[in-house]
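Below, each chain spelled out in residue letters.
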Amino acid sequence: MCIRDRLYSDIEFAKGQEALANGEIDEALIYFTGLTGKYPKSDILFYILGKTALDGKHFVISEEYLKKAIKLVNNVPEYWIALSRCFFDQHKNEQAVKALKTALTLNPSNPDAWELAGKMIKILEALNEYNHLIDKLKTISMNNAYSLFANGLITAKKYATALKILQYGTEKFPNDVGLLEKLALVYERMMKFDEAITIYEKLIRVGNNSQKYLRKITSILTILHDDTRLVKILKMVSAYIPINEPALWDKIGNILLKAKDYFGASEAFRKVISFNQNNPKVLFNLALTYQELALYKKAEEIYNKVIELNPQDHAALNNLGNVLKEQKKYDEAIECYKRAVQIEPNKAISFANLGILYEELRLKNEAKDCYRKAKEIALKNKDYDSAAKFEEWENSV
């Protein structure tokens, strides 16, 4: 049996691993140290001891055992990475860089080495090693290396450097979602919002989380108060958004509705309804878009569906009254307004709409009475502008 197999089958080693798994680092160190006499030629044992001591911030002990591991076997990049990290944590900067370079010479694509390099960027720059590292990075064909290196740079708030690294990476791997996400993040941190939005637009096309990226775009443009551009982007990227994302289409519909793009909003809400035909909120919004598009018959149909689902929906009844009035279905419209008033007697809007209809029908006394009630409610709610408007209507009848 080889040394490795003997070590891994040793009961004391198993106890050390169990202690390590339970977060008992010092206890694990005791078990592992007790095995050094039994396995004096085991580079693996010394490496595990060194890493365990490093995790416990016992840097002197860690350095000692990692050097012993490397003395036995010097071509394992993980040993050099751990030693580099040990030097780095002790501020032995030149030794840390030397160990890191050795690890990358042994394996230029090692992800742990590139992540550590990102964390050590200030030291690498100070020791004029940055360009050497970039030259090495450009020679490898592993997208994860760019991403991990950028992680360390972003953590260190070295955004300009991270931007260069990610630009190199995305040139080599133009559709790598992880690199593109980090690139967009760096652009945001650097307040380069146009560039960030461009990347998020691409991610919607190549990624598999459209809602996440659309949320990012929406957040940026909401902060910038640029609704016009938001609508333009939504129209452009909607072809890449799967139809089976009703929550996303609902969000798009609401944005377009707010921007008064009623046709676009109706298309979005129809996609949502295709998945759930009994969602009263989405149905209401769909009916509202039809109403704004003067498609009164369709709006009437959808508002009736909303009221069927929720007979106490004041807003749907009020809007249905408006739609019926536009179709000259006056008796039905009056009935809707009256039902709305019964449900919400302290809302002025239905009294006002009923008054407008009575006035159109030349029922002056009824119109004046409705305007007066609307005025009283507005005053009660301290809505003085509306109250003044309703008083003016009342006096003009």
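Relevant structure appears above.
Residues numbered from 1 in each chain as written. Predicted model: local features only at pLDDT ≥ 70, side-chain atom pairs only at ≥ 80, totals over all residues. Heavy atoms only, no water.

Q: Is there a simple way to explain a negative patch on the surface in this structure?
A: Side chains of Glu18, Glu24, Asp26 and Glu27 sit close together on the surface and give a patch of like negative charge. Within the element layout of this structure, Glu27 appears in helix H3 (residues 25-33). (Patch = residues over 30% accessible without salt bridge, like charges linked within 9 Å, V, L, I, M, F, W, Y side chains within 5 Å. Areas by Shrake-Rupley, 256 points an atom, 1.4 Å probe, with all protein chains shown as cover. Salt bridge = Lys/Arg side-chain N within 4 Å of Asp/Glu carboxyl O. Lys, Arg positive; Asp, Glu negative; His and termini not counted. Charge placed at Lys NZ, Arg CZ, Asp CG, Glu CD. Helix = DSSP H or I, 4+ residues; strand = E, 2+ residues; numbered from the N terminus.)

Q: Before we go on, may I ask you to explain the pattern of salt bridges in this structure?
A: Pairing between side chains of opposite charge can happen when their charged atoms approach one another. This model, assessed by the stated rule, comprises 16 salt bridges. For Asp10, the salt bridge is made with Lys38, and the minimal N-O distance between the two is 2.8 Å. Placement of the pair is Asp10 in the loop between helix H1 (3-8) and helix H2 (11-21) and Lys38 in the loop between H3 and helix H4 (43-55), with a sequence separation of 28 residues. Of the residues examined, Asp10 reaches a relative accessible area of 8% and is grouped as buried. Two residues, Arg372 and Glu376, come together in a salt bridge whose shortest N-O distance is 3.1 Å. Of the two residues, Arg372 and Glu376 are both situated in helix H24 (residues 364-380); the distance of four residues between them amounts to about one turn of the helix. Here Arg372 falls in the partly exposed class, since its relative accessible area comes to 30%. Via salt bridges that share partners, Asp369, Arg372, Lys373 and Glu376 belong to a single interconnected network. (Buried < 20%, exposed > 50% of the residue type's maximum accessible area, 1.4 Å probe, protein only.)

Q: It is not clear to me how unusual backbone geometry should be interpreted in this structure. Could you clarify?
A: Positive phi outside glycine occurs at Lys260, with the angle close to 65°. For Lys260, the location among the structural elements is in the loop between helix H17 (246-258) and helix H18 (262-273). In this structure, Lys382 is a non-glycine residue whose phi angle is positive, near 60°. Note on placement: Lys382 falls in the loop between H24 and helix H25 (384-396).

Q: When you look at the environment of Tyr130 in this model, what are you seeing that I'm missing?
A: Looking at the secondary structure, you find Tyr130 in helix H10 (residues 130-139). Considering only alpha carbons, one finds Tyr130 and Ala117, 13 residues apart in sequence, at a separation of 9.4 Å. Filtering out sequence-adjacent residues up to four positions away, Tyr130 remains in contact with Ile121, Leu124, Glu125, Thr161 and Ile165. (Contact = heavy atoms within 4.5 Å.)

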